[in-house]
Amino acid sequence: MSEPQRAKAPDAGEQAKVGVYICYCGGNISDHVDVEKVRERMETVPGVAVARTNMFMCSDPGQELIMEDLRQGRINRVVVASCAPSLHESTFRSAIARAGGNPYQYEHANIREQVSWVHHGQAATDKASRLIAAATGKARTLTPLEPLRVTARRHAVVIGGGIAGMRAALDLADMGVRVALVEKTPYLGGGVSRLVRLAPTGEDAAHLVTTLARRILEHPGITVHAGSAVTTFGGYVGNFTLGVSPVPGACAPAGETWPGGYVPGKGVLVPPSPDGGAITLETGVVVLATGFASYIPRPGEYGFGENAEVVTLPDLIQKIGGLEGQRGGTLVIDGRPIRSMALIHCVGSRQIPGIHEEDANGHLNEHCSRVCCTSAINTANAIREACPQTSVYELYRDIRTYGRGQEELYAKASGNRVVFMRFGADQAPVVQRGAPGSGHPLKVTVTDQLTFGEELEVPVDLVVLATGMEPGPVADLVEMLKLPVGADRFLLETHPKLRPVELPIAGIFLAGTCQAPMDAGETCNAASAAAVKAVSLLSKGYVELDPFVAEVDVRRCTGTGACVQACLNPGAIALETMDIDGRPVTRARVTPALCLGCGACVAVCPENAIDINGWTLAQYEAMVDMIVSDAVCQDSGAVPETVGA
Amino acid sequence: MSQDISAALVSKETLKALRAERRDWIAGASALARENKKARKAVMDRLAVASATVPEITEATGLPPDTALWMVASLKKFGEVVESEKDGSFYRYALAAEAAQAQEA
Amino acid sequence: MDSSKNAVFDAVVIGGGIAGLQSALDLAGQGYKTAVVEKDASIGGKMIRLSKVFPTLDCASCITTPKMAAAAHHENITLYTWCDVQRVEKDATGVSVSMIQRPRYVDIDKCIGCRKCEYNCPVLVPDTEQGGFSGRKAIRIPFSNAIPQKALLDVENCMLCGKCADVCPTKAIRYDQKPEPRRIAAKTAILATGYELSSVTGKPQYGNGDIPNVIDSLQMERLLAPHGPYGRVLRPSDGMIPDSIAYVQCAGSRDASMGVSYCSRFCCMYAVKQAMLLSGSLPLADITIYYMDIRAFGKNYEQFYQNAKAMGIEFVKAKVASLDAGQGGAVTVRYEDQTGEGATSRDHDLVVLSMGVLPGFAPGGVCPVGLGPDGFIQSVLPKLSPSVTDLEGVFVAGVAAGPKDIVDTITEAGAAAMQAAKYLTALSGKAPGAANKESSHE
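Thresholds applied
Residues numbered from 1 in each chain as written. Chains lettered and ligands numbered in written order. Predicted model: local features only at pLDDT ≥ 70, side-chain atom pairs only at ≥ 80, totals over all residues. Heavy atoms only, no water. Salt bridge = Lys/Arg side-chain N within 4 Å of Asp/Glu carboxyl O. Helix = DSSP H or I, 4+ residues; strand = E, 2+ residues; numbered from the N terminus. Buried < 20%, exposed > 50% of the residue type's maximum accessible area, 1.4 Å probe, protein only. Contact = heavy atoms within 4.5 Å. Domains from an automatic or database assignment. Buried area = accessible area lost by both parts, 1.4 Å probe. 1 Å grid on protein atoms, 1.4 Å probe; cavity = no way out; pocket = protein on both sides within 12 Å on 5 of 7 lines; lining within 4 Å. Points joined across faces, edges and corners; volume = space filled by probe spheres on them. Nonpolar A, V, L, I, M, F, W, Y, C, P; charged D, E, K, R; others polar. Disulfide = S-S within 2.5 Å.

### A word on the pattern of salt bridges
Then comes step 1: Counted by the stated rule, this structure contains 66 salt bridges over all chains.
Then comes step 2: A salt bridge links glutamate 576 of chain A to arginine 589 of chain A, with the shortest nitrogen-to-oxygen separation between them at 3.6 Å. Taken together, the residues span a long stretch of sequence, with glutamate 576 of chain A in strand β33 (residues 573–580) and arginine 589 of chain A in strand β34 (residues 583–590) at a distance of 13 residues.
Then comes step 3: Since its relative accessible area comes to 45%, arginine 589 of chain A is described here as partly exposed.
Then comes step 4: A salt bridge links arginine 334 of chain C to aspartate 324 of chain C, with the nearest nitrogen and oxygen atoms 2.7 Å apart. In this pair, arginine 334 of chain C sits in strand β21 (residues 331–337) while aspartate 324 of chain C sits in strand β20 (residues 320–325), placing the two residues 10 residues apart along the sequence.

As structure tokens, this is what we get:
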């Protein structure tokens, strides 16, 4: 557990000289906190050697301020007051390391999310001052720490066998990482298998899926566990343990046998796992590629479930396939000629509170499903080109053909005389039975904004609902792996730009539509991006963890075992017999890699014999002393209750 | 142009050659610098009287309003001018030195 | 900074914007020696010039500067800024990049970024880093967060007065610096050459750039940015606080006659974002967005758009026909109202054009990579591996392969790094398992 690049280990006994660096955050902080006032106050705080400000502390010139002070020996402890530590704590720790300091002699004060975004004026300036003063109190007592180094298995478990999972698995395996691909159905291919031709470039879905699946099945570095699901999960980055069991009833129907190849709508049938029963996978990283679920309209939503002539777009796509044998005349579906059809966009997407009805669980799909506009237009074009006698109406809110080549499809649809009508979110089209004698089983009534709000009635033989993407059914994984989920119920990345395929749990990555709606190309990009992060993490053979774990003072420990009882991660702390002063005694011992650093043990120890490194009780006390002290805000004349009152 | 040429680590001859080579650019830049100087002085003189809005600077200096604003923005960047209080639909600008004095007083 | 004229790397990334930096970081993180070649004097690309970014409203600097700093300090990354790529050649041995190191007229090993030269320079010219709204000196640090923090002299606006050389504490000024050819050899390349906005000049319906207070969206980013020219949003013609600001969407996109026929993809969202920021900084102002379709398709984008509507930003579905100079610095927007009023017009104090996105790099004669009809670099595997081009071992990331927002760009940059790493692995035969056969088999 050593870090070779460190220039010099600071002397733990030397006098603490704290450098305080306060960020303007380009106005995010300085618009509400008087940053220069705070700096002046910090200069008076005991132990503070320098206090500086910068427009962006995280910028190179900002980091250079810290590094120069460290190199010149002006300071040996650092406090940065800026945004939430989740954003840039690691940025500043690495700057300290580059300047030869110990990155753990650092304390972060969050004066953006906890101050400037929620308080204003004098109260904001005072609260910022107290928080920073508290950080300096802690910083003065910080001792040098070394990161925990644990070996990492060069192995990945990819959960989900759609194109995201397959793309990630191939990328990892091609880099020499052994991969176990776990898929709950007996097929590889996922959502793409339910498509026929992919917009806008027209690739054959079967070909795409087969290409990837064949390479997966032939790859010596990849083991596929189809018809299986993850049932248990434990461990930590580099050393996860997953239990995988067969999914009851997940087997191919009779008639589909390996080597059966591609089954439309399902994917490539995979030979059953040789193990048959439950197995345990030991792995270094986990890639989540669990995909999405198609929105199923509520009974009665646009006549769905009440009229056989109302179908979803995914159903239509599968029904018409490549439009074989449909050339020249009227589209025929199930023996019924379709002379006129309406495609309704945004079904189960872009729902607005107060306008749309929540589902049985109280959920609304407020998100845009991203792919349906292009998919609908692609389908409309295919039908108009093959069956010119079939009229196609598209009823939309906004046409979102955003991607490369997609706007061209939209333009082509106009050329193909697809008729577009635009409706407002609060003026959804109404699908009803057609008038007797009208010759069409259904009619769609819409207030069309493209013709100045005229109410139009369109007689149709078919209504197609462009249903969106919803989060897949992954509640079990969310619970087991403690995954963060956004308000949209999709899995939530750490940060959309800083760490777009990562989660707060180190070693677990996101690939594809489990995170948000994406098209096939975007999905494969996300999967490759997840793979590159996983490969980087595994490239050294070890991973470094923050050393904020419990440590037992065996001189004070009396072996009560209270800590073992309180421990939230079984195995992280245990009683052991050890020799002290030539006598065998029972004492608590921590396994650092398993310790969560939660402090539950600290709270229950009757002897105060256990502490969390970097977060000791003494350090908390130092912070509390500074927070409650009014010394730092004396100049404002404000009484203590200005803060948090 | 009496500066110590050695500061730029170029010989007199090289500098002479560069001056000849870049004659048009130098002429253009010199004209620009003269214009800058004039506009700068006009703005600074006006602000030395009292803080002013862009329309007030325009009125006093004859500079077009976009030029006046551009010069104020440039002077602000280099710390010579600061923004002062809001005045109707405009902001007032003041000399940095005077603003600092006013704050101390 | 490597100063040798011929350098050898595992990978070279052309373009030091957010795409190129992310690709370089993801390659360097695996231990590959990576060069980043940037045409500008600083890395950071378009993103570092932005104010805040959608849909989280993080300041752009807070996201970009750490990545810039991480790249600049990475032991496996070498930055080449202020370089013009002349040729990118690919043969059996790898990729060779020939380029010209443009002179900064400053010895960057000596420059300490103190800006004394800048303060003393007597020549002020419009600062394109600030949308032209304020001046910069002939010698200057490009902008406050620039990396490297080194001065740069613009000789076309230099009178050779010698003041900068006089005040430079490290004697770093070099008036006689010459362009220097450089060559980089690598085994693989990633093209991350980004974009430029189309220009309003040549668009008579928008006044060719001659109507005061008609600006483009990147100029508005500067007005909103913390280091912006005015430090707040003002009308550039006279410094007035605007009461009414309008956005013209698809100003040069989705219309071949106006510029480009494709959708520029991120203009809807930045207009919504800017409108939100404006309503924060100018709570009394009316903000109107003239649009055809609002394309809020990304994660949390639709929710962001609905929030903007709830905040009172007005969305008018209309194709703007033309702009004219109105009374007292106002801009008259003429448009077809879709609610039935027909041709109509409205005056605004400030109008922002959401200009189309054009490729930042024309590879013609420089790099034999295939392009799409839109001029962006073509992907040969747009579904399974969008970063793969028709040049084996040369990959593409970000807007170089078509307009995309920052989130999609960063993800694609990671993907490109993955494909480049696989290519390197297959070349060296180091990693067990199948070789990379993507381009031939998929």
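That was the structure; now back to the text.
### Points about the side chain of lysine 273 of chain C
Then comes step 1: With respect to the element layout, lysine 273 of chain C can be found in helix α6 (residues 267–281).
Then comes step 2: For lysine 273 of chain C, the residues in contact, after removing those within four places along its chain, are Ser51, Lys52, Val53, Phe54, Leu57, Glu221 and Phe304 of chain C.

### Regarding the domain arrangement of chain C
Residue and element names in this part refer to chain C.
Then comes step 1: Split by domain assignment, chain C resolves into domain 1 (6–102 + 179–194 + 360–438), domain 2 (116–167) and domain 3 (199–357).
Then comes step 2: Each of domain 2 and domain 3 has a C-alpha centre, and these two points are 31 Å apart.
Then comes step 3: Taken together, the contact between domain 2 and domain 3 spans six residues of the former and nine residues of the latter.
Then comes step 4: Taking both sides of the interface into account, the surface hidden between domain 2 and domain 3 amounts to around 640 Å²; carbon and sulfur atoms contribute 59%.

### Quick notes on empty space enclosed by the protein
Residue and element names in this part refer to chain C.
Then comes step 1: Following the criterion strictly, the structure yields 11 cavities of 30 Å³ or more and no others.
Then comes step 2: Taken as a whole, the largest cavity encloses approximately 140 Å³ of empty space.
Then comes step 3: In terms of lining, the largest cavity is formed by 16 residues, of which the most central are Ile48, Ser61, Asn145, Arg222 and His227.
Then comes step 4: Each residue belonging to the lining of the largest cavity can be placed in one class, and the counts come to eight nonpolar, five polar and three charged.

### Quick look at the state of the cysteines
Residue and element names in this part refer to chain C.
Then comes step 1: Evaluated as defined, the whole model comprises one disulfide over all chains.
Then comes step 2: The disulfide partner of cysteine 59 is cysteine 62, and the S-S distance across this bridge is 2.0 Å.
Then comes step 3: For cysteine 59, a relative accessible area of 3% gives the class buried.
Then comes step 4: The structure places no disulfide on cysteine 168, whose sulfur is separated from the nearest cysteine sulfur, that of cysteine 114, by 6.2 Å.
Then comes step 5: Since its relative accessible area comes to 12%, cysteine 168 is described here as buried.

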